[in-house]
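# Chain and residue survey
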Amino acid sequence: MKVTVVCEHNRAMDSEEGKKAYPEGMENCIAEFLRSAGHEVKTILLDDQGAHGLDDKLLSETEVMFWWGHLYHGAVADDLVEKIADRVQCGMGMVLLHSAHMSKIFRRLLGTSCTLKWREDGELERLWCVYPTHPIAKGLGEYIDIPREEMYGEPFDIPTPDELVYIGWFRGGEVFRGGCVFNRGRGKIFYFNPGHETYPTYKIPEVQKLLNQACAYVAPAEPIVEKMVCPHIPEFSVKD
């Protein structure tokens, strides 16, 4: 599988806590466990200047895209967002992580504000599996404990997921739809809420297994088409 990991680098990652969580860089941590599953992985840096190197050639080769962003959503060019959305609808799989809920691409694909309630306490999140036979949850038991995580809570302004796999619970009593699948055209999207940049969530073996299984699940089952065409309406062009 050809996988592209788009990962933001921000000032929190350069803090003592951020470097302790991911001394190798979060993007390299994610890329490494994907490579360990046999995938061909390329990483793209996202910063206040946008996504560096995510050009048409790389996008056309990508079968699954992972996206982690937080502070620099607005730096992503609108035309790139449209190209990614088109690629998803043509069959590319997409996994969006943590604060990517507010990314332009997630909001573009879901058509809602994607806002939520949050609290940065570094508390336990227990991810309860509510769809135990789902391929993303295979072999992971009825819940996964994440020792330190940022609280995300309802209301979460998203459409009703096509498949709800995990619900997160926090000690304040909040709950959150933290593992959701959405179908868009020929493509599948998986949103997974854990993964604050100063907590080593992506080093947890169960999380790595879950995300590897998510990668396999959203991967295109058939070749990605060049464009979506309605078979009942002939193509036409508008001329001046």
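See above for the structure.
## Section: the layout of surface pockets
- Of the voids in this model, the largest pocket is the one considered here, and its volume is about 160 Å³.
- Along the wall of the largest pocket there are 13 residues; nearest its centre are R186, A219, P220, A221 and E222.
- Where the lining of the largest pocket is concerned, the elements lending two or more residues are β10 (187-192) and α6 (205-218).
- Of the residues that constitute the lining of the largest pocket, the class distribution is eight nonpolar, two polar and three charged.

## Overview of the nonpolar core
- Counting 39 residues, the largest nonpolar core has F66, Y202 and L211 as its most contacted members.
- If sequence neighbours within four positions are ignored, F66 has contacts with V3, T4, V5, V6, I30, L34, V95, L97, L211 and C215.

## Notes on helix α2 (residues 26-36)
- When α2 is considered as a whole, its buried residues turn out to be M26, C29, I30, A31, F33 and L34.
- At its buried positions, α2 is contacted by β1 (2-8), β2 (40-47), β4 (64-68), β5 (93-97) and α6.
- In the segment just after α2, G38 is the residue with positive phi, at about 100 degrees.

## Side note on the sheet that holds strand β8 (residues 163-170)
- Taking strand neighbours across the sheet as the criterion, the 10 strands line up as β3-β2-β1-β4-β5-β10-β9-β8-β6-β7 in an open arrangement whose pairing is mixed. Only two strands of the sheet have a single partner each, and these edge strands are β3 (50-52) and β7 (143-153). Neighbour-to-neighbour, the strand axes of the sheet open up by a mean angle of 25 degrees, direction not taken into account.
- Taken together, the six bridges between strand β9 (residues 175-184) and β10 define a ladder with antiparallel strand orientation. Counted as the bridge partner of V181 is F190 from β10.
- Where α2 meets the sheet, it contacts β1, β2, β4 and β5, and its direction lies at approximately 160 degrees from that of β1.
- In the packing of α6 onto the sheet, contacts are made with β1, β4, β5, β7, β8, β9 and β10, and the angle to β10 comes to roughly 165 degrees.

Scoring rules and cut-offs
Residues numbered from 1 in each chain as written. Predicted model: local features only at pLDDT ≥ 70, side-chain atom pairs only at ≥ 80, totals over all residues. Heavy atoms only, no water. 1 Å grid on protein atoms, 1.4 Å probe; cavity = no way out; pocket = protein on both sides within 12 Å on 5 of 7 lines; lining within 4 Å. Points joined across faces, edges and corners; volume = space filled by probe spheres on them. Helix = DSSP H or I, 4+ residues; strand = E, 2+ residues; numbered from the N terminus. Nonpolar A, V, L, I, M, F, W, Y, C, P; charged D, E, K, R; others polar. Core = buried A, V, L, I, M, F, W, Y, C linked by side-chain atoms within 4.5 Å. Buried < 20%, exposed > 50% of the residue type's maximum accessible area, 1.4 Å probe, protein only. Contact = heavy atoms within 4.5 Å. Pairing = 2+ DSSP bridges. Axes fitted to C-alpha atoms, helices over the stretch in contact; angles between N-to-C directions.

Interpretation in functional terms is not warranted from these geometric data alone.
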